[in-house]
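# Coordinate inspection notes
Take a look at the letters that make up each chain.
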Amino acid sequence: MIKTITVAMTGASGAPYTLRLLEQLLLADCHVQFICSQPGQIVMAMETNLKLPSSPQQIQQQLNEHFNCTQDQLSVYGLDQWTAPVASGSSVADAMVVCPCSMGSLASIAHGISNNLIHRAADVIMKERKKLIIVPRETPFSSLHLENMLKLSNQDVIILPPNPAFYQGVESIQDLIDFVVSRILDQLNIENKLSPRWGQKDD
Ligand SMILES: Cc1cc2nc3c(=O)[nH]c(=O)nc-3n(C[C@H](O)[C@H](O)[C@H](O)COP(=O)(O)O)c2cc1C
């Protein structure tokens, strides 16, 4: 059965993770629902060569061309598009990944403040007891950030910071990106060989 995965990009550093994750989910034949905050769009433009246009329809068209996929495979929703499937438990996705997750969005999600579609979709995923994966990016963390992460972890949310390891043998930045994306795909039970696994590398 096709998995439906919601991917949200917020305004924290880490756009290359988002693009690699979207690519891999599409390759794995998932149906992907994508939402990006306005700060997320700024980060995307600063960290990649993709400059997302303003309307969700235009973003949809651009990403469909970028990933060579159809809108049945990748749908894009606006931050205030309350009629989107992700806004309701009656058409809940199988899982949601907030990648990267800003400390602002982390706080809103931890406190159930559903002022935009990203936070509402996360709220819905949690209330429906589906898997929510948060990829929080900040350094160092304040006690408030850590408390918000603990609050979510206690609700069975997976807190997956983008902390690549180096033991697998790193030759490029892409290897570091792939390490993190591989851990996200593992949490989604999506088979992948993006990064060598512990014990599999020849010495
Ligand atoms: C280029 C850039 C990088 C940023 N990086 C981070 C970051 O790594 N972590 C973070 O919490 N906020 C970061 N911010 C600040 C957030 O974008 C800001 O707090 C914003 O209000 C988050 O809103 P959102 O969660 O709705 O996207 C960054 C902002 C910019 C413009």
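One numbering rule holds for all chains: residues counted from 1, following each sequence as written. For a predicted model such as this one, the threshold for reporting local features is a pLDDT of at least 70, and the threshold for listing and counting side-chain atom pairs is 80 or more; totals across whole chains, interfaces and linings nevertheless cover every residue. Here the side-chain values reflect all heavy atoms present in the structure, with hydrogen atoms and water set aside.

## Description of the environment of Lys 131
Put simply, DSSP H or I for four residues or longer makes a helix, DSSP E for two residues or longer makes a strand, and each gets a number counted from the N terminus. With respect to the helices, strands and loops of the structure, Lys 131 is situated in strand β5 (residues 131-136). Here the term buried applies to any residue with accessible area under 20% of the maximum for its type, exposed to any over 50%, and partly exposed to those in between, with areas from a 1.4 Å probe on protein chains only. Exposure remark for Lys 131: the relative accessible area of 30% places this residue in the partly exposed category. Considered as a pair, Lys 131 and Leu 188 are 57 residues apart in the sequence and their alpha carbons are 8.1 Å apart. When neighbours within four sequence positions are excluded, Lys 131 is seen to be in contact with Asp 94, Ala 95, Met 96, Ile 125, Ile 158 and Gln 187. Of the polar contacts made by the side chain of Lys 131, one reaches the backbone oxygen of Gln 187; its length is 2.7 Å. Residues count as neighbours in contact if any of their non-hydrogen atoms are within 4.5 Å of one another. Whenever two N or O atoms come within 3.5 Å, that pair is a polar contact, provided that in protein one can donate a hydrogen and the other can accept it, and provided that, for residues adjacent in sequence, both atoms are side-chain atoms.

## Here's the deal with the site of the ligand
Note on terminology: near, applied to a residue and a molecule or strand, indicates that one of the residue's heavy atoms is within 4 Å of it. The immediate surroundings of the ligand are formed by 14 residues, with Gly 11, Ser 37, Ser 102, Ser 105 and Arg 137 found nearest. Residue Ser 105 places a side-chain N or O atom 2.5 Å away from an oxygen atom belonging to the ligand. Arg 137 has a polar backbone atom sitting 2.7 Å from a nitrogen atom of the ligand. Relative to its unbound accessible surface of 640 Å², the ligand loses 65% to contact with the protein. Broken down by secondary-structure element, the contributors of at least two residues to the shell around the ligand are α2 (38-47) and α4 (103-110). Under the convention used here, a 1.4 Å probe and the Shrake-Rupley method define accessible areas, while residue burial counts only the protein chains that appear.

## Re unusual backbone geometry
The linkage connecting Cys 99 with the following residue, Pro 100, adopts the cis geometry, with an omega of -10°. Its place among the elements puts Pro 100 in strand β4 (residues 95-101). Residues Thr 139 and Pro 140 are joined by a peptide bond in cis, for which omega reads -5°. Looking at the element boundaries, Pro 140 is found in the loop between β5 and α6 (143-153). The backbone phi angle of Asn 68 is positive, close to 55°, even though this residue is not glycine. Relative to the helices and strands, Asn 68 resides in the loop between α3 (56-66) and β3 (74-77). Phi is positive for Arg 129, which is not a glycine, with a value near 60°. Note on Arg 129: relative accessible area 70%, which makes it exposed.

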